[in-house]
Amino acid sequence: MKAGKNKSLYLVLPKEPNQYGFGYCSRGDMEEFYKQRIPIENPSFIASLWENYQAGNLAELNIIAEKLEHRFPFIKAAVKAHIDRVPGDEENGLPYKTLISIIKEHGSNDFMTIFKEFNKRLPIYGFGDLQVERMLSKIKKMSIN
């Protein structure tokens, strides 16, 4: 028998306003979230999300997300955010476009201003300061060339 084969698998989610993490939750919050856990009946189907993500199969990711939407509606939003993040042939993805827009709108290169605005507009990505800083460096290099 394979280890864990007869085990149950659950999804534990934080509640708003911490929908993207558990970092600010108390022990009591965590216990409550655990009580409200959601059983995962078909883990191999959900695992196919990861396999298709790794393979870059965007169309298949979308199909799987649509099939899971009734039970896990946040998956479709995450898949859409990923697809929007992936650059097209001649363009950068949504995070880069958003940063460029913020720079133009604010007329500023102040990192904290840009970083805060970016996270207001695209919180689903959960990008940290170093990730945004790397994207800004790339944008500056593109502007020079």
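Presented here is an overview of the structure given in this document. (Residues numbered from 1 in each chain as written. Predicted model: local features only at pLDDT ≥ 70, side-chain atom pairs only at ≥ 80, totals over all residues. Heavy atoms only, no water.)

A few words on the packing of helix H2 (residues 43-55) against helix H3 (residues 58-68). Viewed as axis vectors pointing N to C, H2 and H3 meet at an angle of 160 degrees, and their least axial separation amounts to 9 Å. In terms of their interaxial angle, H2 and H3 are classed as roughly antiparallel. The handedness of the crossing between H2 and H3 comes out as left-handed. The segment H2 lies against H3, with Phe 45, Ile 46, Ser 48, Leu 49, Asn 52 and Tyr 53 engaging Glu 60, Leu 61, Ile 64, Ala 65, Lys 67 and Leu 68. Across the contact of H2 with H3, the residue classes tally to eight nonpolar, two polar and two charged. (Axes fitted to C-alpha atoms, helices over the stretch in contact; angles between N-to-C directions. Helix = DSSP H or I, 4+ residues; strand = E, 2+ residues; numbered from the N terminus. Parallel < 35°, antiparallel > 145°, perpendicular 65-115°, else oblique. Left-handed = near helix turned anticlockwise from the far one by under 90°. Contact = heavy atoms within 4.5 Å. Nonpolar A, V, L, I, M, F, W, Y, C, P; charged D, E, K, R; others polar.)

You can see Leu 11 is positioned in strand E1 (residues 10-11). Measuring from C-alpha to C-alpha, the distance between Leu 11 and Pro 39 comes to 6.3 Å, with 28 residues separating the pair along the chain. Contact partners of Leu 11, with chain neighbours within four places excluded, come to Arg 37, Ile 38, Ile 40, Phe 72 and Phe 74.

This part is about the packing of aromatic side chains. Within the structure shown, the criterion is met by six aromatic pairs. Here the aromatic rings of Trp 50 and Tyr 53 are separated by 5.3 Å at their centres, their planes lie at 20 degrees, and the arrangement is stacked. Linking Trp 50 with Tyr 53, this pair stays in helix H2, spanning three residues, or about one helical turn. For Trp 50, a relative accessible area of 51% puts it in the exposed group. The class of Tyr 53 is partly exposed, set by a relative accessible area of 37%. Through pairs of rings, three or more aromatic residues link up here, namely Phe 118, Tyr 125 and Phe 127. Across from the ring centre of Tyr 34, 4.2 Å away, lies the NZ or CZ of Arg 37, which sits over that ring. (Phe/Tyr/Trp six-rings, centres within 6.5 Å; stacked < 30°, edge-to-face > 60°. Buried < 20%, exposed > 50% of the residue type's maximum accessible area, 1.4 Å probe, protein only. Lys NZ or Arg CZ within 6 Å of the ring centre and 35° of its normal.)

Another aspect to go through is the pattern of salt bridges. Counted under the stated rule, the structure contains eight salt bridges. Glu 117 is the partner of Arg 121 in a salt bridge, and the nearest nitrogen-oxygen pair spans 2.8 Å. Here the residue Arg 121 and the residue Glu 117 both occupy positions in helix H6 (residues 111-121), the gap between them amounting to four residues, near one helical turn. Exposure remark for Glu 117: the relative accessible area of 16% places this residue in the buried category. (Salt bridge = Lys/Arg side-chain N within 4 Å of Asp/Glu carboxyl O.)

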